[in-house]
Amino acid sequence: MPAVARLTRLFARRAGAGDEDPFDPALFSRLDRMRLRFDNAHGARAGETPVRRLTQESGIEVESFKSYAPGDDIRYVDWNAVGRLDQLLTRRFVAEREIPIHIFLDASASMAVPTADHKFTFAMRLAAALAYVALNSNDPVRIAATRLETGGVQLAESPLLRHRGRYLRLKGFFEGLKPSGATALSEGIARYLERHHERGLAFVISDFLVPPDIYESAFARLRSKRLVAHAVHVIGKVEHGLDGISGRLRIRDSESGVVREVSLSTADRRRYSAAFAQRAEAIRALCHRSGVGYARVMSDDGIDRCMTQVLPAAGMMRLR
Amino acid sequence: MGLLAPYGLASLAFLGVLVVLHLRRRQQRELEVSSLLLWQAVRDEPRRGRFRPSLLFALQVALLGALGLAVARPYWEERAAAVTNGRTVLVFDVSASMQAFEGGERRFDQARRKAGEVLASLDRNVEVMMIAVAAHPRVVVSFTRDRSALARALEALEPNDGPTRLSLGVELARSTATGGGSLEIDVFTDLPSEAIGVSPSAGERLRYFRFGRSDDNVALAALRVYQNPFQDPQEARGYALVKNYAREPKDLTLHVTLASRPVLDDTLHLGGRESRVVAIPKLGDSGRLEAWLDVQVSRQLRPLEALAAAAADPANSAGVRAIAAMLADAGGLLPRRAVLGAISQLEQADRQALHKLRLRLGPLDVYVDSLLKPAAQYWRAALLSVRSGQGMPALPKPGAATLAADVDPRGAALAYRRVGRTWLRIDLADRLASHARKVRSAGGDSPVDVALATSIGLDEAAIDQLMGDVGFTRAGDAWRWRGRRPPRDDRRGAASHAFAELAKLKR
C-alpha cells in the first residue's frame, strides 16, 4: 500500500469518521439542546409532543371550543362561556402524542468500502445520536439495519426504546452489526413496515449506491404508510475525491463482485467527480420531488457538527 | 567510430532495471470500491498491453543510454584531410550574349557571382585554373591554390562583343590538366549544354552552370573583311557571321554601312541554332564598316524607332516631326531648352500626338520614360558609341536615384541630369520640377518637395541648382520666381543635331 494512502487512512481513522463516541456522556450535553422536527408526523399514543391541528378532550393548552354534545365529559364544559353566552361549550386541548422514530440503516457491504471512509461506523453513530435526541423527548425509537444476503433480506432490529435509560442497549445492538451483502433498502423497509404499523418519523441512512428506482421505491413505501421520511446521504471522503488512488486499477464492486480494469487519468478523475456530483444531485432532486427531507453528510464530519449544523440546515432538527 | 572501454557498455544493463521499475510502477493495483455505479464515467483501460512507454520513460532511457555510452568512452575516427591532387578548371563564356541584361543584372555578373560561390566551396588544397573563352580560349589564371589571385582575376574578367567556342575552352582545360589527378571542369555560360557539344570523359567531372532565363538570342558573331594583297582595296569583300542561338527560327534584318553609307540591308530567316555567313557584295570604297542586327534594337528601343518613324511621317505636323527627329537623333533624351522653340509652336493636337509617342514634355527635360530603363540605356549607349566611334561608356548601377560626381559622364547622361555635384535621375528631377511648377501655379510659397528631395538624398546645393534650372531663386528662407532664362544664342552652336546644322547653314 502506498505510504500516502496509509497516512490518509491513518488520519481518517484519527480525525474523521465521527470520532465522537455517541455513547460518550460529553456528547450528551450538546445533544440535549437539540430535538427533532416532526412537522405532521405523530403517533397514535399519547405522549409529550404537542401536535398542532390535533385536539383532545384533556390537556394543558386550550386549542379550541366546541358545542357540547351528549357524551362529552362535563368537566370540560366552560362555565364562564355558558354564563356569558347562555350556550354549552366544551374546551378542546392541544393533543400531545408520542412520535415513533424509525431509523433505517443501510448495512450493505458498500457502507464499509473504502475502509478509510468508515461510512458504516459513521452511520451507526449518527443513528445512535438521533436515537438519543428522540429518547430525550420521550419518543420511542427503533433502529433497523437492512441488507441482502444470499439467503434473502436480512433485517436486524433493535428493541423499541421508550426511555433514555434504555439508550445504552443500542451499544450491544450496534456491536452485532457487520456490513455485508448487497443493498436492500426497499425490501428491508417493506419487511419492517409489515411488522410495525406505527406512524411517525423515518430516517434512512445510506450511501444510496443503488439504482434510483430502488430508493425511490423505498421512499414510496414509507410515504404510503404515512411516515414522514428523511434521507441522510453518507458520503466518504476517499470515495468522493479518490484521494491516493491513481494509475492502473483493477476495481471490484464490493457488493456484486464485478471487476473492471481502468487506468485512472486526470481526465477520468474529472469525469468521475462530475458523475459523482450528478448522482448526488439526482438523489436530492428525487427527495425534493417526493417530499422527503434530504441531507448530505461527509463521513469524516464529526457527529457533533452533523447533529448541530448539517441536519438542522436540512430542516430535520432544531434547537429546543 | 570506436569505443575505448567497450566493457562500459555493460552499464546499459541498467536499462533493463529501468524497464522493470517502469513495469512495476505500471503494475495493476487491486482496489475494492463501494459500487461500480460511480465508475461508469471512467473508461476501461485500453488493451495495449502492460508496457506503455511515456515521455518520461523515453527521457530516462535516453539519459541512461547516454551515460552508458559515455562510460564506454566512444571516439570518432576521422582521417586527416590529405593533400589532394584534385584540380578544378573554371571555364567562362565571355561572348557578347553574356552581356544580356536579365533582372537588372548581366548574365556575366550572375556567372561571376556563382563562380565565387564555387570557389568558396572548394577545398583549400584544390588547384584552380580559370579560362575565358571568346572566339579563342585564353588562360586567365593558371593552376593555383591562391584564392585571392583567383578572386582578383574573376573581378577583372569582362565579356566582349564576340562569339564563343566553349568546346575549345573545355579541350584546353583537359589538355592542361592531364596527369594531375581528378579533374573537374565547371562551365559558366548562357548556352545549353547540347549546344556546346562536349561530353565528360573518364575520370572527369563536367558541370554546367547556365545563366539566362532563355536562349532567345540572335547575334552578329563576326564581321570580317578579306582583301587579296594583289587586289585593289576597292575589291575587298566583307563577310558577316550571323548566329541564331535560339531553338526557334528567327527573322531578322542585317544592316551594313560603310562610312555611314548603307551597303546591305538583308532580311534573313534563320532556323533554330543556325549560323549563316552573309557576304557583303562589294565595298568599293574605304571607310568605317559597321554592321548591326535590328533584332535587339527593335526589341529594346521600340520607342526610339517610333520616334524615328514619326519624324519621317508626313501626316505629322512640322513641330511634331521636328521634336521627334531631334529626340531620335539624341537617343530619346533632350533638355527642354534645346527644343523650346519647337515646343512653343505646338498645337493641342501636336501635343496629343507626342503623348501617343510616350513623350514627356517635362519642365526640364523632354524624354521617353521607357528609354530610361537599364536595358534601354545599354542599347542607347551602344548606338551612341557606334555613332561617335567611341567605346561603350560605363553604365550606372541600375535603379540608382542619384550618382556621385565621379561616374562616367557619358553613361550617366543617358538617364541622369547633372545637378550641382551629383547626378539626379531624369524622372525624379522631373517630379521635383513639376511639383515646383504646380505650387507656383497654385500660389504656394514652398515649391520644393522636401519629402521627396530628402528621400532622394539631395543636398542644399543640388536643390538650389535644380530650382534654379526650374526658374526659382532662393531669397533667404523663401523661394522667389525669377522666370526661365531664354536659351543663349551661343549655345546653338554647340548643338549637333540636324536642325542645328541647318541653322548654321542659314547663318
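The numbers attached to residues start from 1 for each chain and follow its sequence in the written order. Working convention: letters from A go to chains and numbers from 1 go to ligands, in the order in which they are written. Owing to the predicted nature of the model, reporting of local features is limited to residues with pLDDT of at least 70; listing and counting of side-chain atom pairs is limited to 80 or more, with chain, interface and lining totals taken over all residues.

(A) Representation of the confidence of the model for chain B in the model. Summarising the model, chain B shows a mean pLDDT of 82, and 92% of its residues fall at 70 or more. Of all helices and strands in chain B, the one with the weakest mean pLDDT is helix 7 (residues 294-300) of chain B (70), whereas strand 19 (residues 365-368) of chain B scores best (92). Confidence of the predictor at the level of single residues is captured by pLDDT, which takes values from 0 to 100. Think of it this way: any DSSP run of H or I at least four residues long counts as a helix, any run of E at least two long counts as a strand, and we number them from the N terminus.

(B) Molecular detail of helix 14 (residues 426-442) of chain B. Residues and elements named next belong to chain B. Helices are assigned an expected span. That span is 1.5 Å times one less than the residue count. With 17 residues, helix 14 should reach 24 Å at 1.5 Å per residue; the first-to-last C-alpha distance of 24 Å fits that figure. Neighbour counting defines burial: a residue surrounded by 20 or more other C-beta atoms within 10 Å of its own C-beta is buried, one with 12 or fewer is exposed, and intermediate counts give partly exposed, using backbone-placed C-beta atoms. All buried positions along helix 14 are accounted for by I426, L428, A429, D430, L432, A433 and A436. Directly after helix 14, the chain includes G443, whose backbone phi takes a positive value near 85°.

(C) Spotlight on unusual backbone geometry. All names here are of chain A. Put simply, V113 and P114 share a cis peptide bond, and its omega is -10°. Relative to the elements of secondary structure, P114 occurs in the loop between strand 5 (101-106) and helix 4 (119-136). Notably, D86 is not glycine yet its phi reads approximately 55°, a positive angle. Mapped onto the secondary structure, D86 falls in the loop between helix 3 (79-85) and strand 4 (89-97). Judged by C-beta crowding, with 7 C-beta atoms within 10 Å, D86 ranks as exposed. Positive phi, normally seen in glycine, also occurs at H118, with a value near 50°. Mapped onto the elements of the fold, H118 is located in the loop between strand 5 and helix 4.

(D) Representation of the pairing of strand 8 (residues 137-144) of chain B. Residue and element names in this part refer to chain B. The sheet contact formed by strand 7 (residues 127-133) and strand 8 spans five bridges and is antiparallel. From the neighbouring strand, M130 faces strand 8, where its bridge partner is V141. Only strands that DSSP links by at least two bridges are regarded as paired with each other. Here strand 7 folds back onto strand 8, and the loop between the two strands holds three residues.

(E) Just the packing of helix 6 (residues 185-195) of chain A against helix 7 (residues 212-224) of chain A, in detail. Residues and elements named next belong to chain A. In the contact formed by helix 6 and helix 7, the axes pass within 8 Å of each other and the chain directions differ by 15°. Relative to helix 7, helix 6 is oriented roughly parallel. Relative to helix 7, helix 6 is oriented so that their crossing is left-handed. Across from L185, S186, I189, A190 and L193 in helix 6, the residues of helix 7 making contact are I214, Y215, S217, A218, R221 and L222. All amino acids are sorted into three groups, where Ala, Val, Leu, Ile, Met, Phe, Trp, Tyr, Cys and Pro are nonpolar, Asp, Glu, Lys and Arg are charged, and the leftover types, Gly among them, are polar. Its residues placed into classes, the contact of helix 6 with helix 7 shows eight nonpolar, two polar and one charged. Lines fitted to the C-alpha atoms define the axes, with helices restricted to the stretch that makes contact. Angles between their N-to-C directions range from 0 to 180 degrees. Convention used here: angles under 35 degrees read as roughly parallel, angles over 145 as roughly antiparallel, angles from 65 to 115 as roughly perpendicular, and any remaining angle as oblique. The crossing is said to be left-handed when, going from far helix to near helix, the turn is anticlockwise and less than a right angle, and right-handed when the turn is clockwise. This entry defines residue contacts through backbone-placed C-beta atoms, with two residues in contact when those atoms are within 7 Å.

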